[in-house]
Amino acid sequence: MQTSDTIAITGAAGFIGSYLTGYLNKLGFEQLILVDDFSNERKVNNLADKKYTTKVHRDQFFDWYKSHKGSIQHFFHIGARTDTTEMDYEVHKRLNLDYSKLVWEMCTQNHIPLVYASSAATYGNGEHGYKDDHSIIKELQPMNPYGRSKNEFDIWALEQRSMPPFWAGLKFFNVYGPNEYHKARMASVIFHAFNQIKKDGKVKLFRSHNPKYKDGEQIRDFIYVKDIASICVWLMNNKPANGLYNAGTGKARTFLDLVLAIFNTLHIPEQVEFIDTPIDIRDKYQYFTEADMTKLLKAGYNIPFHSLEAGVKEYVSEYLNKNTYY
């Protein structure tokens, strides 16, 4: 990518999309086309002080492009309905599957390299492991409509004979970091834990309802959003083999590890209380996720990931504690 290139970013007002926008700005990219539904006032600050050329509502974007053909050199499709508690599949189908097909077809017809957001939610309960192997994609059993919609698009993408000149689908694991203030219930555990500690001096974590795991020892692959942005840009710059790539650290950690990192950053004694996992998500709750990062590393990605402690320290001290945005 050249800094003079024009780059489209969907989901640009959201958590990862707005971070990627700021990350590209810091690398010198300012010719950005930001695509989203910009009506949510809680997202306004995510784009404050960001540099871009145009904002386009996601519903008008394809019509907009018809009169701006050739104006986009790279495409980051980050936008999606990410609410895992939204059980109406039609909502996810329209925003995650059907819209993504339109993005793919536009990039294919206009020879635009595409990096899009898939999700580790596609792996379901991990029956087939967490390896980004194309041969298992059709066998995966996501545990909610969100994961299903993401997996359906991955399956569709792999079946296409016509495709963008380069494409990569990134299976995001548990992403945390600045610019998620608007996400409410769907914000990261770190965000919620920080606010609980500041308010009550303690953290409430979900009790384990699985005899294989002790309370607080549910394990996830937590990845700092800065690493996600780094992977996105690296893929677009280096264009390895087309396909699906995991985007985690490859080192799963417990929720107790996570909250201990927050307490340590705040210099507050650790105090944890366990509560029942809500009924509406209990049977869809993942107890273990860990990205197999072999494919991305073999492709040449060699930038070290933030440790959980380092990522939490930066997020808490530089953003949450100051109520600031990236």
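It should be noted that the structure appears before, not after, this text.
Quick look at the structure, then. (Residues numbered from 1 in each chain as written. Predicted model: local features only at pLDDT ≥ 70, side-chain atom pairs only at ≥ 80, totals over all residues. Heavy atoms only, no water.)

1. Digging into the overall build of the protein chain
Spelled out, the test is: By definition, any uninterrupted DSSP run of H or I lasting at least four residues is a helix, any uninterrupted run of E lasting at least two residues is a strand, and each is numbered from the N terminus. This radius of gyration counts C-alpha atoms alone. The globule rule is 2.2 Å times how many residues there are, raised to the power 0.38. Only protein chains enter the accessibility calculation, which uses a 1.4 Å probe. A residue is then buried if its area is under 20% of the maximum for its type, exposed if over 50%, and partly exposed in between. Only heavy atoms matter for contacts: two residues are in contact if any of them lie within 4.5 Å across the pair. For the accessible areas, the method is Shrake-Rupley and the probe is 1.4 Å, while residue cover comes only from the protein chains on display. When charges are counted, Lys and Arg are positive and Asp and Glu negative, with His and the chain ends excluded. A charged residue contributes its charge at one atom only: NZ of Lys, CZ of Arg, CG of Asp or CD of Glu.
The number of helices and strands found in the protein chain is 10 helices and 13 strands. A globule of 326 residues ought to have a C-alpha radius of gyration of about 20 Å, and the protein chain, at 19 Å, matches this closely. The burial tally for the protein chain puts 53% of its 326 residues in the buried class. Across the protein chain, the fraction of contacts at a sequence separation of at least 24, relative to all contacts at a separation of at least 6, is 78%. Just so you have it, the protein chain exposes about 14400 Å², and 47% of that area is on carbon and sulfur atoms. Positive and negative side-chain charges in the protein chain, numbering 39 and 38 respectively, have mean positions lying 2 Å apart.

2. So, the packing of aromatic side chains
Convention followed: Between the rings of Phe, Tyr and Trp (Trp by its six-membered ring), a pair exists once the centres lie within 6.5 Å; its type follows the angle of the planes, with under 30 degrees stacked, over 60 edge-to-face, and the other angles tilted. Counting as a charge over the ring demands two things of the Lys NZ or Arg CZ atom: a distance within 6 Å of the ring centre and an angle within 35 degrees of the ring normal.
According to the stated counting rule, one finds 25 aromatic pairs in the structure shown. Taken together, F61, F62, W64, F75 and Y99 form an aromatic cluster joined through their ring pairs. A cation over an aromatic ring shows up here: K55 above the ring of F38, its NZ or CZ 4.7 Å from the ring centre. Of note, K171 hangs over the ring of Y123, and the distance from its end group to the ring centre comes to 4.9 Å.

3. Some details on the sheet that holds strand β1 (residues 7–10)
Our working rule: Each pair of strands is called paired provided DSSP finds at least two bridges between the two strands. Inter-axis angles, ranging from 0 to 180 degrees, are taken between N-to-C directions of lines fitted to C-alpha atoms, where helices are fitted over the stretch in contact.
Here we have 7 strands laid out as an open sheet, ordered β3-β2-β1-β4-β5-β6-β11, and parallel in their pairing. One side of each edge strand has no neighbouring strand; the edge strands of this open sheet are β3 (54–57) and β11 (243–247). Neighbouring strand axes in the sheet, compared pairwise and without regard to direction, differ in orientation by 20° on average.

4. Things to note about the packing of helix α5 (residues 189–200) against helix α7 (residues 255–266)
Applied cut-off: Any angle that is under 35 degrees is reported as roughly parallel, and any over 145 degrees as roughly antiparallel; angles of 65 to 115 degrees are reported as roughly perpendicular and all others as oblique. The sense of a crossing depends on the near helix, which, turned anticlockwise from the far helix by less than a right angle, makes the crossing left-handed and, turned clockwise, makes it right-handed. Put simply, Ala, Val, Leu, Ile, Met, Phe, Trp, Tyr, Cys and Pro go in the nonpolar bin, Asp, Glu, Lys and Arg in the charged bin, and everything else, Gly too, in the polar bin.
Where α5 contacts α7, the two axes come as close as 10 Å, and the packing angle between them is 50°. Our classification of the angle between α5 and α7 gives oblique. Note on packing geometry: the crossing formed by α5 with α7 is right-handed. Across the interface between the two elements, V189, I190, A193, F194, I197 and K198 from α5 touch F255, L258, V259, I262, F263 and L266 from α7. Here the residues of the contact of α5 with α7 sort into 11 nonpolar, no polar and 1 charged.

5. Here's the deal with the environment of H306
Along the chain, the position of H306 falls in the loop between α9 (294–298) and α10 (308–320). In this structure, the C-alpha to C-alpha distance between H306 and G177, residues 129 residues apart in sequence, is 12 Å.

6. Notes on the environment of S4
If you trace the backbone, S4 turns up in the segment before β1. A C-alpha to C-alpha distance of 20 Å links S4 and H77, two positions 73 residues apart in sequence.

7. A look at unusual backbone geometry
Here H111, not a glycine, exhibits a phi torsion of approximately 55°, which is positive. Tracing the backbone shows H111 in the loop between α3 (89–109) and β5 (114–119). Backbone geometry places A184, a non-glycine residue, at a positive phi of 50°. Accessibility expressed as a relative area gives 37% for A184, which makes it partly exposed.

8. Observations regarding the side chain of K50
For clarity, the cut-off: Salt bridge, as used here: a side-chain nitrogen of Lys or Arg that lies within 4 Å of a carboxyl oxygen of Asp or Glu. Contacts described as polar in this section are N or O atom pairs within 3.5 Å, which, within protein, must combine one atom able to donate a hydrogen with one able to accept it, while residues neighboring in sequence count only if both atoms come from side chains.
Position of K50 among the secondary structure elements: in the loop between β2 (32–36) and β3. Among buried charged residues, K50 stands out as having no salt bridge; its nearest opposite-charge side chain is D49, 7.2 Å away. Side-chain polar atoms of K50 contact the backbone oxygen of N46, separated by 2.7 Å. At 2.4 Å, the side chain of K50 forms a polar contact with the backbone oxygen of Y326. Not counting the four nearest positions on each side in its chain, K50 is found in contact with S18, T21, G22, N25, N179 and Y326.

9. Re the pairing of strand β6 (residues 167–172)
Put simply, the test is: When the strands point away from the viewer, a crossover counts as right-handed if the path from the first strand over the helix to the second runs clockwise.
Summarising burial for β6: 6 of the 6 residues are buried, a large majority. Burial along β6 is two-sided: W167, G169 and K171 facing one way and A168, L170 and F172 facing the other are all buried. Pairing of β5 with β6 involves 6 bridges; the strand directions are parallel. Directly across from S119, in β6, lies its bridge partner F172. Handedness of the β-α-β unit built from β5, helix α4 (residues 145–159) and β6 comes out right-handed. As paired strands, β6 and β11 are joined by 5 bridges and run parallel to one another. Looking at the pairing, K171 lines up with N246 of β11.

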